[in-house]
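Coordinates in review
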Amino acid sequence: MKQKFMVISSFRKIKHFFETLSTPENIRIMFYDSLYQALPEIDEQCIGIALNQDHLTLEDLSYWHSIKEKFTVPFIFLSYHSDDQRQLDLLQQLFSMASSACGVEREQQAISLSSNVIFDPAGKVIWKQGHEHMLTMMEFRLLMYLLTAKECASTIDHIIDRVWGVDAFTTSNMVYVHIRKLREKIEDDPSHPKILVTCHGIGYKLNIFPKNLEVVSCEETTALH
């Protein structure tokens, strides 16, 4: 199934910009005149939404807040007054992340996170003690990024850059929320994690690799949750 990138604008210049943009085969660009029209199509296959900030309405802002409460899809705010190359770079970064995740998803076999927790990338699902836990798109991206980081602990800034990337509104609190939600799906006791651990003064890492079979000596801190 193709992933979706939504463009919210009724202006021909914005549409032309995206129509001439080279996109990966697994991504379909969809055009809407307003966020209200796009609402029924926003789901886990949506990798991003572009808005024309020069013509935002109060109604658009209201729907934007609603969407941010229900989904973790990144928003890109485009402007006639911004550098076209910068906007193009942001879009290409997002498309590249989505395309890479899709490629890994197709190739990756199920991954054992512990003796009773299995991660199925193809289905974006966690199996814990026989129970199915579906991952949201951002939980999936977060877990995939931590898997690629392997033994290295990832800082909050690196996680934001690599997982959210183009979402200028992402904060450290957003990362903490997703870490907690992911732990609820993969840990036996999310309050005392043994898989997704906090490394004192650094960030987060997965404790699933061969030389880390035992719980690493990473301490919980007040700065990281």
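Residues numbered from 1 in each chain as written. Predicted model: local features only at pLDDT ≥ 70, side-chain atom pairs only at ≥ 80, totals over all residues. Heavy atoms only, no water.

This next bit is on the pattern of salt bridges. For the structure shown, the criterion picks out 3 salt bridges. The shortest N-O distance in the salt bridge between Glu41 and Lys4 comes to 3.9 Å. Note that Glu41 is positioned in the loop between helix H2 (35-38) and strand S3 (46-52) and Lys4 in strand S1 (residues 3-8), a separation of 37 residues in sequence. Given the relative accessible area of 34%, Glu41 is considered partly exposed. For Lys4, a relative accessible area of 6% translates into the label buried. As a salt-bridge pair, Asp43 and Lys4 come within 3.0 Å of each other at their nearest N and O atoms. Of the two residues, Asp43 sits in the loop between H2 and S3 while Lys4 sits in strand S1, which places them 39 residues apart along the sequence. In this structure, a network of salt bridges that share partners links the residues Lys4, Glu41 and Asp43. (Salt bridge = Lys/Arg side-chain N within 4 Å of Asp/Glu carboxyl O. Helix = DSSP H or I, 4+ residues; strand = E, 2+ residues; numbered from the N terminus. Buried < 20%, exposed > 50% of the residue type's maximum accessible area, 1.4 Å probe, protein only.)

Close contact between helix H6 (residues 156-164) and helix H7 (residues 172-186) brings their axes to 10 Å; oriented N to C, the two are set at 80°. Relative to H7, H6 is oriented roughly perpendicular. From H6, Ile156, Ile159, Ile160 and Trp164 reach across to H7, where they touch Ser172, Met174, Val175, Tyr176 and His178. (Axes fitted to C-alpha atoms, helices over the stretch in contact; angles between N-to-C directions. Parallel < 35°, antiparallel > 145°, perpendicular 65-115°, else oblique. Contact = heavy atoms within 4.5 Å.)

This next bit is on the sheet that holds strand S2 (residues 27-32). Judged by pairing direction, the sheet is parallel, and its 4 strands sit side by side in the order S2-S1-S3-S4 without closing on themselves. This sheet does not close on itself; its edge strands, each paired only once, are S2 and strand S4 (75-78). Neighbour to neighbour, the strand axes of the sheet diverge by 20° on average, direction disregarded. By the bridge criterion, 5 bridges tie S1 to S3 in an arrangement that is parallel. Across the sheet, Phe5 pairs through a bridge with Gly48, a residue of S3. Each of S1, S2, S3 and S4 touches helix H1 (residues 12-19); the most contacted strand, S2, lies at about 170° to it. (Pairing = 2+ DSSP bridges.)

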